[in-house]
Amino acid sequence: MEMKEMMRMDMNEIKTEKIVNALWMNDICPVCGSRGLEYIDDPDCMASEYTRVMQCETCDEEISFYGAVVWSSIETSGSTLDMPKSYEGSKLELARKNAIKKADEMRRHMIEIGLELESYVTSHADCYDRLDYEPFSKDDLLDEESFLIACQLFRHRSRETGEIPEEITKDFYHSKGIFAKGERDERAHSVDRFYELQGHHTDRARGHAWLPDLMGAYIDQAIELGASMPTELFVEHIWFYIANEGVLDEYWLDDEERVEVLRNNVLPLARFLLDRDTEFAYNHLHAYNESKAEMVSKETKKISDIVHNITAELAELEVKA
């Protein structure tokens, strides 16, 4: 299976309203992760259903958003170009291939980060007090549906490739096989049923999720989205698990293997998000009562601070060595 087709299958099969609307609100392409979607058409405009077709400025992918009041699903359909012979080997084709290749690299970076964060999640897994559970908020990127997909389906992804077998995904959505009622991984359609099946979360308020499960779900969501993750997901969750009060935790600096993950995976992913947001802010946002540079700096401050923090700490380690 080609890389492009593999990524499209993931996004089209595993999606929730929360994620689709996060992509829409942030102008993020679900294929290459770039920001900047151009309007093409509104082919279906009815009271009960609405379709808007957009196109990625970077990889030329055609993206269709479907919904009513809010977008509820998304589909990627490849380039809208007629693909003449002159396209093959052209700058446009090269740019598209490079964008998709970069997106695949970002996903591999997030897989490595996720593996390193497993011990962090496990360190919180011995508490079952009432305060160790949290409700879902409408402002959270992770809603109940996304949480249940992450906790029940994403646990079956390959640790090396991050992929989920197609048959497993089909069985999950049809509640068949291991996900059938009464089977070992019976699919739960509510968070309360999910914990009822586990049986040992006795001090949990209805509608609340266990913190280690929430952390693992955010990490899995970041792996699934890869380059198309909203920067908020990285800043508010992935970096939160790595940092201590906003700056890099010393835990990541006292072990050579973690330092390598920091240097080879965390930093490249953070830089990708910073470059993406900087380009988007410069090209698409307007500056009011401030210079363009000041506006871009303000819009990218959080992710920029993270990149600067990591590079400064790595530079200090080099000096000590």
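Residues numbered from 1 in each chain as written. Predicted model: local features only at pLDDT ≥ 70, side-chain atom pairs only at ≥ 80, totals over all residues. Heavy atoms only, no water.

Novice: Is there a simple way to explain the nonpolar core in this structure?
Specialist: Generally speaking, a soluble globular protein has its nonpolar side chains buried in company with each other. Of all hydrophobic cores here, the largest spans 81 residues; its most connected members are Phe147 and Phe234. The element that contributes the greatest number of residues to this core is helix α9 (residues 256-284), accounting for 10 residues. Excluding residues that lie within four positions of it along the chain, phenylalanine 147 makes contacts with Phe136, Leu142, Val191, Phe194, Tyr195, Ala209, Asp213, Leu214 and Ala217. (Core = buried A, V, L, I, M, F, W, Y, C linked by side-chain atoms within 4.5 Å. Buried < 20%, exposed > 50% of the residue type's maximum accessible area, 1.4 Å probe, protein only. Helix = DSSP H or I, 4+ residues; strand = E, 2+ residues; numbered from the N terminus. Contact = heavy atoms within 4.5 Å.)

Novice: Help me understand the packing of helix α4 (residues 144-152) against helix α7 (residues 211-225) in this model?
Specialist: Two measures define how a pair of helices packs: the angle their axes make with one another and the distance between the axes. Taken N-terminus to C-terminus, the directions of α4 and α7 make an angle of 85°; their axes are 9 Å apart at the nearest point. Here α7 runs roughly perpendicular to α4, going by the angle between their axes. Packed against α4, whose contacting residues are Ser146, Phe147, Ala150 and Cys151, the element α7 presents Asp213, Leu214, Ala217, Asp220 and Gln221 at the interface. A class-by-class count of the residues in the contact of α4 with α7 yields 5 nonpolar, 2 polar and 2 charged. (Axes fitted to C-alpha atoms, helices over the stretch in contact; angles between N-to-C directions. Parallel < 35°, antiparallel > 145°, perpendicular 65-115°, else oblique. Nonpolar A, V, L, I, M, F, W, Y, C, P; charged D, E, K, R; others polar.)

Novice: When you look at the side chain of lysine 18 in this model, what are you seeing that I'm missing?
Specialist: Within the element layout of this structure, lysine 18 appears in helix α2 (residues 17-25). One buried charge, lysine 18, has no salt-bridge partner; the nearest side chain with opposite charge is aspartate 143, at 6.0 Å. Within the structure, lysine 18 has its side chain in polar contact with the backbone oxygen of lysine 138 (distance 2.3 Å). There is a polar contact of 2.7 Å between the side chain of lysine 18 and the backbone oxygen of aspartate 140. Those residues within four positions of lysine 18 in sequence are excluded, and the remaining contacts are Ser137, Lys138, Asp139, Asp140, Leu141, Asp143 and Ser146. (Lys, Arg positive; Asp, Glu negative; His and termini not counted. Salt bridge = Lys/Arg side-chain N within 4 Å of Asp/Glu carboxyl O. Polar contact = N/O pair within 3.5 Å; in protein donor to acceptor, adjacent residues only side chain to side chain.)

Novice: So what exactly am I meant to see when it comes to the packing of α7 against helix α8 (residues 231-242) here?
Specialist: At a minimum axis separation of 10 Å, α7 and α8 run at an interaxial angle of 125°. Between α7 and α8, the crossing angle belongs to the class labelled oblique. Considering how the two elements wind past one another, α7 and α8 form a crossing that is left-handed. Across the interface between the two elements, Met215, Tyr218, Ile219, Gln221, Ala222 and Leu225 of α7 pack against Leu233, His237, Ile238 and Tyr241 of α8. Along the lines of polarity and charge, the residues of the contact of α7 with α8 split into 8 nonpolar, 2 polar and no charged. (Left-handed = near helix turned anticlockwise from the far one by under 90°.)

Novice: Looking at this structure, I do not really get α9. What am I missing?
Specialist: An α-helical turn contains 3.6 residues, so a residue and the one three or four places further along point in the same direction. If you check α9, its first and last C-alpha atoms are 41 Å apart, about what 29 residues at 1.5 Å a residue would give, namely 42 Å. By the largest-angle criterion, leucine 262 marks the main kink of α9, which is about 35°. Its side-chain oxygen 3.0 Å from the backbone nitrogen of glutamate 257, aspartate 255 forms the N-cap of α9. (Expected span 1.5 Å × (residues − 1). Bend = angle between axes of the 7 residues up to and from the residue.)

Novice: Looking at this model, I keep getting lost on a negative patch on the surface. Mind explaining?
Specialist: Among the surface-exposed residues, Glu38, Glu57, Asp275 and Glu279 lie close enough to one another that they form a single negatively charged patch. The residue glutamate 38 is located in strand β1 (residues 37-45) in this model. Assessed through its relative accessible area of 40%, glutamate 38 is described here as partly exposed. (Patch = residues over 30% accessible without salt bridge, like charges linked within 9 Å, V, L, I, M, F, W, Y side chains within 5 Å. Areas by Shrake-Rupley, 256 points an atom, 1.4 Å probe, with all protein chains shown as cover. Charge placed at Lys NZ, Arg CZ, Asp CG, Glu CD.)

Novice: Please clarify how the layout of surface pockets should be interpreted in this entry.
Specialist: If a probe the size of a water molecule is rolled over the atoms, the empty space left behind becomes visible. In this structure, the largest pocket spans a volume of roughly 610 Å³. Along its surface, the largest pocket is lined by 26 residues, and Glu118, Val121, Arg155, Gly216 and Asp220 are the ones closest to its centre. Every element with two or more residues in the lining of the largest pocket is listed here: α3 (91-122), α4, α6 (191-198) and α7. Looking at the second largest pocket, its volume works out to about 350 Å³. (1 Å grid on protein atoms, 1.4 Å probe; cavity = no way out; pocket = protein on both sides within 12 Å on 5 of 7 lines; lining within 4 Å. Points joined across faces, edges and corners; volume = space filled by probe spheres on them.)

Novice: Explain the pairing of strand β2 (residues 50-56) to me, please; I cannot follow it from the model alone.
Specialist: A regular strand places its side chains so that they alternate between the two faces of the sheet. With 5 of 7 residues buried, β2 is to be regarded as a mostly interior element. Pairing geometry for β1 and β2, over 6 bridges, is antiparallel. Residue pairing in the sheet places aspartate 41 in a bridge with valine 53 of β2. Relative to strand β3 (residues 61-67), β2 runs antiparallel, the two sharing 6 bridges. Its bridge partner lying in β3, glutamine 55 is registered against glutamate 62. Count of turn residues in the β2/β3 antiparallel hairpin: 4 residues, of which aspartate 60 carries a positive phi of about 70°. (Pairing = 2+ DSSP bridges.)

Novice: Is there a simple way to explain the packing of aromatic side chains in this structure?
Specialist: The description of an aromatic ring pair rests on the distance of the ring centres and on the angle between the ring planes. Tallied over the full model, the rule gives 9 aromatic pairs. Taken together, a centroid distance of 5.1 Å and an interplanar angle of 70° make the contact between tryptophan 24 and phenylalanine 65 edge-to-face. Pair noted here: tryptophan 24 is in helix α2 and phenylalanine 65 is in strand β3, with a separation of 41 residues, a long-range link. Assessed through its relative accessible area of 0%, phenylalanine 65 is described here as buried. Ring pairing ties together the aromatic residues Phe136, Phe147, Phe194 and Tyr195, which thus form one cluster. Against the face of phenylalanine 154 rests arginine 157, its NZ or CZ located 4.7 Å from the ring centre. Stacked on the ring of tyrosine 251, the Lys or Arg arginine 258 has its end atom at 3.7 Å from the ring centre. (Phe/Tyr/Trp six-rings, centres within 6.5 Å; stacked < 30°, edge-to-face > 60°. Lys NZ or Arg CZ within 6 Å of the ring centre and 35° of its normal.)

Novice: How should I be thinking about the state of the cysteines in this particular structure?
Specialist: A covalent bond bridging the sulfur atoms of two cysteines is what the word disulfide describes. Taken as a whole and judged by the stated rule, the model has 0 disulfides. No disulfide involves cysteine 151; its sulfur sits 18 Å from that of cysteine 127, the nearest cysteine. Take cysteine 151: its relative accessible area is 9%, and that puts it in the buried class. (Disulfide = S-S within 2.5 Å.)

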